Amino acid sequence: MPGRFAPTPSGRMHIGNIYAMLGAWLSARSRGDGMLLRIEDIDTPRVLPDADRWIMDDLTWLGMDWDGEPVYQSQRLD
């Protein structure tokens, strides 16, 4: 079962985001499973422009990767 991290793009990563991603990432990678990044961008008043990119940059800087392209919830409303 793949791991999943689903942040709201409302700003930079915080310690809670990092903790959640690290747990999911370590669990998935230790089992040889994939890791999914799902951007929860449906709460539009909280979404900041480019915050999705900031999150991805922070994760890359921390050495935590994901498989495939990020999935944006706003593109999956159906």
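Definitions and cut-offs
Residues numbered from 1 in each chain as written. Predicted model: local features only at pLDDT ≥ 70, side-chain atom pairs only at ≥ 80, totals over all residues. Heavy atoms only, no water. Pairing = 2+ DSSP bridges. Helix = DSSP H or I, 4+ residues; strand = E, 2+ residues; numbered from the N terminus. Contact = heavy atoms within 4.5 Å. Axes fitted to C-alpha atoms, helices over the stretch in contact; angles between N-to-C directions. Core = buried A, V, L, I, M, F, W, Y, C linked by side-chain atoms within 4.5 Å. Buried < 20%, exposed > 50% of the residue type's maximum accessible area, 1.4 Å probe, protein only.

Engineer: Help me out: how do you make sense of the sheet that holds strand 1 (residues 3-5) in this one?
Structural biologist: Backbone hydrogen bonds hold the strands of a sheet together, and the pairing may be parallel or antiparallel. Judged by pairing direction, the sheet is parallel, and its 3 strands sit side by side in the order 1-2-3 without closing on themselves. Lying at the two open borders of the sheet, with one neighbouring strand each, are strand 1 and strand 3 (71-72). Inspection of the sheet shows strand 2 (residues 35-39) paired to strand 3 by 2 bridges, in the parallel sense. Considered in strand 3, the bridge of Arg-38 is made with Val-71. Along the sheet, helix 1 (residues 15-31) makes contact with strand 1 and strand 2, crossing strand 1 at roughly 165°. The strands that helix 2 (residues 51-62) touches are strand 1, strand 2 and strand 3; relative to strand 2, the one it contacts most, it runs at about 155°.

Engineer: Is there a simple way to think about the nonpolar core in this case?
Structural biologist: One recurring pattern in soluble globular proteins is that nonpolar side chains are buried together. Core analysis: the biggest nonpolar cluster contains 15 residues, and Phe-5, Met-21, Met-35, Leu-37, Leu-59 and Trp-66 have the highest contact counts within it. Taken together, the elements giving at least two residues each to this core come down to helix 1, strand 2 and helix 2. Ignoring anything within four residues of it in the chain, the contact list for Met-21 reads Phe-5, Met-35, Leu-59, Met-64 and Asp-65.

All we've got here are geometric facts, nothing functional implied.
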